[in-house]
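Read off the chains here:
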Amino acid sequence: MSAPLQSVLHPAGPDAALIAHLSWVLFGGAAVIFVAVMALVVLSMRPAARPVSTRWWIAGAGVVFPVVVLTALLVWSTWRSADLTPQTSRGAMSIGVTAKMWWWEVRYHDPASGKQVVSANEIRIPAGRPVYVGLTSTDVIHSLWVPALNGKMDTIPGRINGLTLHADKPGVYRGQCAEYCGEQHARMALHVIALAPADFQRWLANEAQPAKAADNALVERGRAAFLEQRCQSCHTIRGLPGAELARLGPDLTHVGGRTHIAAGTLRNHRGTLAGWIADPQAIKPGARMPAATDIDGATLQALAAYLEQLK
Ligand code: CUA
């Protein structure tokens, strides 16, 4: 996969391209006006060079010019904004995203099996079509911003706000919470992974499956440690008896298939999983996850190995 892109200057979808175009026109116009005003400042410092009256300058440059320019920009940008994709779920594929302190819960509906699929911190979408994201929050106001794909949209408790993500082609687009929401606001990132439609269907069908554990002693020891450490109080692993109810923390059924953990904070592999479980407060102070206590090194490694193979 290509390196994640988080840039308004590199739009990767139709809405982001339109926003970028508007921004460049406004920036270009502002630059021309700035240069002209600076030139006038320089000119005004030379007493000899005043070809027209003060009254003309006040009326012309102070009133007529801004009214004409701002009216033209208002009309033009309103007209162009009408081309943005309407924020409606009608006829589009829908994904639910719930922002939490400080991570993202993502819910899909798998039409093939009729199942709801719950994931975290990664929004997978099929490339080449609009995907409607229904956004809400369970605690404070957050804001989803994936600059390469669209503008920002707030997530507000008790409301559903819509945002369309439309990637022209497969790729990885980084997003970030864009509304200050507490001490780990900066580490509340996510990745949008746009896949070719067939790859997306394959991925979704796999996500809908319950977790499968590899048949070896290390993984078996890790699976037992998950239950012993009472990880199931907060985390669901579908297919693991006794661990299918919790909604406090991210659903871990297919955690090994994600590129990052801790909301975009760490690359996902056995080492970072073990480090995160051992001391999440050292990595993300204030995060709701407590450190695993009474766990020896070998058991911690087994737990990380179990989670890593949940693909
Ligand atoms: Cu969530 Cu800032």
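Residues numbered from 1 in each chain as written. Predicted model: local features only at pLDDT ≥ 70, side-chain atom pairs only at ≥ 80, totals over all residues. Heavy atoms only, no water.

Notes on the environment of Val255
Then, in step 1: With respect to the secondary-structure elements, Val255 resides in the loop between α4 (217-228) and β11 (260-261).
Then, in step 2: Taking C-alpha positions, Val255 is 8.7 Å from Asn268, a pair spaced 13 residues apart along the chain.
Then, in step 3: Apart from residues no more than four positions distant in its own chain, Val255 is found in contact with Asn268, Leu307 and Leu310. (Helix = DSSP H or I, 4+ residues; strand = E, 2+ residues; numbered from the N terminus. Contact = heavy atoms within 4.5 Å.)

Here we look at the packing of aromatic side chains
Then, in step 1: Under the criterion given, the structure shown has 5 aromatic pairs.
Then, in step 2: Here the aromatic rings of Tyr108 and Trp203 are separated by 5.1 Å at their centres, their planes lie at 75°, and the arrangement is edge-to-face. Remark: Trp203 occurs in helix α3 (residues 197-208) and Tyr108 occurs in strand β2 (residues 103-110); sequence separation between them is 95 residues. The exposure classification of Tyr108 matches that of Trp203, with both residues buried.
Then, in step 3: With 5.9 Å between their ring centres and 35° between their planes, Phe200 and Trp203 make a pair best called tilted. Separated by 3 residues within a single helix, Phe200 and Trp203 lie in helix α3, roughly one turn from each other.
Then, in step 4: Residue Phe200 is classed as buried on the basis of its relative accessible area, which comes to 1%.
Then, in step 5: Classification of Trp203 as buried rests on a relative accessible area of 12%.
Then, in step 6: Each member of the aromatic cluster is reached from another via a ring pair, and the members are Tyr108, Phe200 and Trp203.
Then, in step 7: Sitting over the face of the ring of Trp145, Lys152 holds its NZ or CZ atom 4.5 Å from the ring centroid. (Phe/Tyr/Trp six-rings, centres within 6.5 Å; stacked < 30°, edge-to-face > 60°. Buried < 20%, exposed > 50% of the residue type's maximum accessible area, 1.4 Å probe, protein only. Lys NZ or Arg CZ within 6 Å of the ring centre and 35° of its normal.)

Quick notes on the sheet that holds strand β3 (residues 115-120)
Strand pairing in a sheet relies on backbone hydrogen bonds. The paired strands run either parallel or antiparallel.
Then, in step 1: The strand order across the open sheet built from 5 strands is β3-β2-β1-β5-β8, with neighbouring strands paired in mixed fashion. Looking along the sheet, the strands with just one partner apiece sit at the ends: β3 and β8 (161-165). Within this sheet the neighbouring strands show an average axis-to-axis angle of 25°, counted without direction.
Then, in step 2: Across 7 bridges, strand β1 (residues 93-100) lies against strand β5 (residues 131-137) in parallel orientation. Along β5, the bridge assignment pairs Gly96 with Gly134.
Then, in step 3: In the packing of α3 onto the sheet, the strands contacted are β1, β2 and β3, and the crossing angle to β2 comes to about 100°. (Pairing = 2+ DSSP bridges. Axes fitted to C-alpha atoms, helices over the stretch in contact; angles between N-to-C directions.)

A closer look at a nonpolar patch on the surface
Then, in step 1: Taken together, the side chains of Ile33, Phe34, Val35, Val37, Met38, Val41, Met45 and Phe65 present a nonpolar region at the surface, about 730 Å² in accessible area.
Then, in step 2: Looking at the nonpolar patch, the element that brings in the most residues is helix α1 (residues 14-44), giving 6 residues.
Then, in step 3: Looking at the element boundaries, Val41 is found in helix α1.
Then, in step 4: On the accessibility criterion, Val41 (35% relative accessible area) is partly exposed. (Patch = residues over 30% accessible without salt bridge, like charges linked within 9 Å, V, L, I, M, F, W, Y side chains within 5 Å. Areas by Shrake-Rupley, 256 points an atom, 1.4 Å probe, with all protein chains shown as cover. Salt bridge = Lys/Arg side-chain N within 4 Å of Asp/Glu carboxyl O.)

Let's talk about the nonpolar core
Then, in step 1: Counting 38 residues, the largest nonpolar core has Ile95, Tyr108, Ile123, Ile125, Leu165 and Tyr173 as the members making the most contacts within it.
Then, in step 2: For this core, the secondary-structure elements that each account for two or more residues are β1, β2, β4 (122-126), β5, β8, β9 (171-177), β10 (189-195) and α3.
Then, in step 3: In terms of residue count, β10 provides more of this core than any other element does, 5 residues in total.
Then, in step 4: Beyond its immediate sequence surroundings of up to four residues, Ile123 is in contact with Ile95, Val97, Val106, Tyr108, Leu144, Leu165, Leu190, His191, Val192 and Ile193.
Then, in step 5: Counting 26 residues, the second largest nonpolar core, distinct from the first, contains Val219, Trp276, Ala292 and Leu300. (Core = buried A, V, L, I, M, F, W, Y, C linked by side-chain atoms within 4.5 Å.)

Side note on the pairing of strand β7 (residues 152-155)
Then, in step 1: Sheet topology places strand β6 (residues 142-145) next to β7; 4 bridges connect them, and they run antiparallel. In the sheet register, His142 faces β7, and the bridge partner there is Thr155.
Then, in step 2: The antiparallel pairing of β6 with β7 creates a hairpin that spans 6 residues between the two strands.

Some thoughts on the domain arrangement of the chain
Then, in step 1: Split into domains, the chain comes out as domain 1 (1-50 + 85-208) and domain 2 (217-308).
Then, in step 2: Summarising the inter-unit geometry, the C-alpha centres of domain 1 and domain 2 are found 28 Å apart.
Then, in step 3: At the interface, 24 residues of domain 1 touch 21 residues of domain 2.
Then, in step 4: When the two sides are added together, the surface that domain 1 and domain 2 hide from each other amounts to roughly 1900 Å², 46% of it contributed by carbon and sulfur.
Then, in step 5: Across the domain 1-domain 2 interface, the total number found is 1 salt bridge.
Then, in step 6: Glu105 is the partner of Arg247 in a salt bridge, and the nearest nitrogen-oxygen pair spans 2.8 Å. (Domains from an automatic or database assignment. Buried area = accessible area lost by both parts, 1.4 Å probe.)

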